[in-house]
Amino acid sequence: VWTMLAASGDGVGLVPAARWSLVGHEDKLTDTQATAARHGAFVAGADRFDNRTFSISPAEARSMDPQQRMLLEIGYMALHGVGMCKAQLLGSPVGYFLGIERPDWAIRSVLEGQRPDAKVTAYTVTADTISIACGRISFSLGLHGPCMSTDTACASGLVAMHTAARSVRGGECGSGLASAVTLKVMPQATLATALV
């Protein structure tokens, strides 16, 4: 994030082609919508993930919401950055507090024609459920403190941070990891807010 901000000031640029394309739909949009949906601040490489680091099979990694993959990597980097290695984390009383919004990735799968009777796998439920995202990260990192996902839209990250601080001050956990994510992979929310 710091590198991106230093390079461009705000990280706003054109929408990567892998996220969405408005080709053929411009005539259905207002000028405000078209402008808003062509630009944004996007994390590069959100499709890449080192599944071996977290002992996650390639099949499960492919089924996971990219938000969960990002959270695993960033969460581990944050804890490693304060001198905690994976062996120290296992069984530690660290709490995990997550701010997360609706899973665009799952919604896009449905909109792109995934049938209701599509094949169900062992990873179907854990792949994109926001209530399970915090447990995945807590379990994968071996944390034994409280964990919770919070969806309060744009304030999700702030609420996660506030909750983590209260939990540490209240003695519910020795330390807390707070993170937030919102990975937009379809333009609907942007188009809707541009109408307000």
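So, a few notes on the structure that sits alongside this text. (Residues numbered from 1 in each chain as written. Predicted model: local features only at pLDDT ≥ 70, side-chain atom pairs only at ≥ 80, totals over all residues. Heavy atoms only, no water.)

**Some remarks on the overall build of the protein**
Thought 1: A count of helices and strands for the protein gives 10 helices and five strands.
Thought 2: In the protein, buried positions account for 37% of the 196 residues.
Thought 3: Looking at the protein alone, contacts between residues at least 24 apart form 75% of all its contacts between residues at least 6 apart.
Thought 4: For the protein, the exposed surface amounts to about 11,400 Å²; the carbon and sulfur share of it is 61%. (Helix = DSSP H or I, 4+ residues; strand = E, 2+ residues; numbered from the N terminus. Buried < 20%, exposed > 50% of the residue type's maximum accessible area, 1.4 Å probe, protein only. Contact = heavy atoms within 4.5 Å. Areas by Shrake-Rupley, 256 points an atom, 1.4 Å probe, with all protein chains shown as cover.)

**Digging into the sheet that holds strand E5 (residues 175–181)**
Thought 1: If you trace the three strands from one edge of the open sheet to the other, you get E4-E3-E5, paired in parallel fashion. The two strands at the open ends of the sheet, each matched to only one other strand, are strand E4 (147–150) and E5. Strand-to-strand twist in this sheet, taken as the mean axis angle between neighbours without regard to direction, amounts to 15°.
Thought 2: Alignment of strand E3 (residues 94–100) against E5, held across seven bridges, turns out to be parallel. Within E5, the residue paired with Phe 97 across the bridge is Ala 178.
Thought 3: Of the strands in this sheet, E3, E4 and E5 touch helix H8 (residues 130–141), which is tilted by about 145° from E4.
Thought 4: Contacts from helix H9 (residues 156–169) reach E3, E4 and E5, with the element oriented near 160° to E3. (Pairing = 2+ DSSP bridges. Axes fitted to C-alpha atoms, helices over the stretch in contact; angles between N-to-C directions.)

**Concerning the pairing of E3**
Thought 1: Among the seven residues that make up E3, seven are buried, leaving the element largely enclosed by the rest of the structure.
Thought 2: Judged by which residues are buried, E3 turns out to be covered on both faces: Val 94, Tyr 96, Leu 98 and Ile 100 on one side and Gly 95, Phe 97 and Gly 99 on the other are all buried.

**Overview of the packing of aromatic side chains**
Thought 1: According to the stated counting rule, one finds two aromatic pairs in the structure shown.
Thought 2: Seen from their ring centres, Phe 54 and Tyr 76 are 6.4 Å apart, and the 90° between their planes marks the pair as edge-to-face. Pair noted here: Phe 54 is in the loop between strand E2 (39–41) and helix H3 (58–63) and Tyr 76 is in helix H4 (residues 66–81), with a separation of 22 residues, a long-range link.
Thought 3: According to the relative accessible area criterion, Phe 54 is buried, its value standing at 7%.
Thought 4: Grouped by ring-pair contacts, the aromatic residues Phe 49, Phe 54 and Tyr 76 constitute a single cluster. (Phe/Tyr/Trp six-rings, centres within 6.5 Å; stacked < 30°, edge-to-face > 60°.)

**Some words on the nonpolar core**
Across soluble globular proteins, nonpolar side chains show a tendency to be buried alongside one another.
Thought 1: Counting residues in hydrophobic clusters, the biggest one holds 27 residues, and the most contacted among them are Phe 54, Ile 56, Leu 72, Tyr 96, Leu 98, Leu 141 and Leu 143.
Thought 2: Elements with a minimum of two residues in this core: H4, E3, H8 and E5.
Thought 3: Ranked by residue count, the leading element in this core is H4, at five residues.
Thought 4: Among residues more than four places away in sequence, those in contact with Leu 72 are Phe 49, Phe 54, Ile 56, Met 64, Arg 136, Ile 137 and Ser 140.
Thought 5: Core analysis: the second largest hydrophobic core is formed by eight residues, Leu 22, Leu 29, Phe 42 and Leu 191 among them. (Core = buried A, V, L, I, M, F, W, Y, C linked by side-chain atoms within 4.5 Å.)

**So, the packing of H4 against H8**
Helix-helix packing is described using two parameters, namely the angle between the two axes and the distance between the axes.
Thought 1: Between H4 and H8, whose axes approach to 10 Å, the crossing angle comes to 45°. As judged from the angle between their axes, H4 and H8 are oblique. The crossing of H4 and H8 is right-handed. Listed contacts from H8 to Gln 68, Leu 71, Leu 72, Gly 75, Tyr 76 and Leu 79 of H4 are Ala 133, Arg 136, Ile 137, Ser 140 and Leu 141. (Parallel < 35°, antiparallel > 145°, perpendicular 65-115°, else oblique. Left-handed = near helix turned anticlockwise from the far one by under 90°.)

**Remarks on H8**
Thought 1: Compared with the 16 Å implied by 1.5 Å per residue over 12 residues, the 18 Å span of H8 between its first and last C-alpha is a close match.
Thought 2: Looking only at H8, the buried set comprises Ala 133, Cys 134, Arg 136, Ile 137, Ser 138, Ser 140 and Leu 141.
Thought 3: Positive backbone phi, at 75°, marks Gly 142, one or two positions downstream of H8. (Expected span 1.5 Å × (residues − 1).)

**Topic: the state of the cysteines**
Thought 1: Applying the stated criterion to the full structure yields zero disulfides.
Thought 2: Here Cys 134 is not cross-linked by a disulfide; its sulfur's nearest cysteine counterpart is in Cys 147, at 4.0 Å. (Disulfide = S-S within 2.5 Å.)

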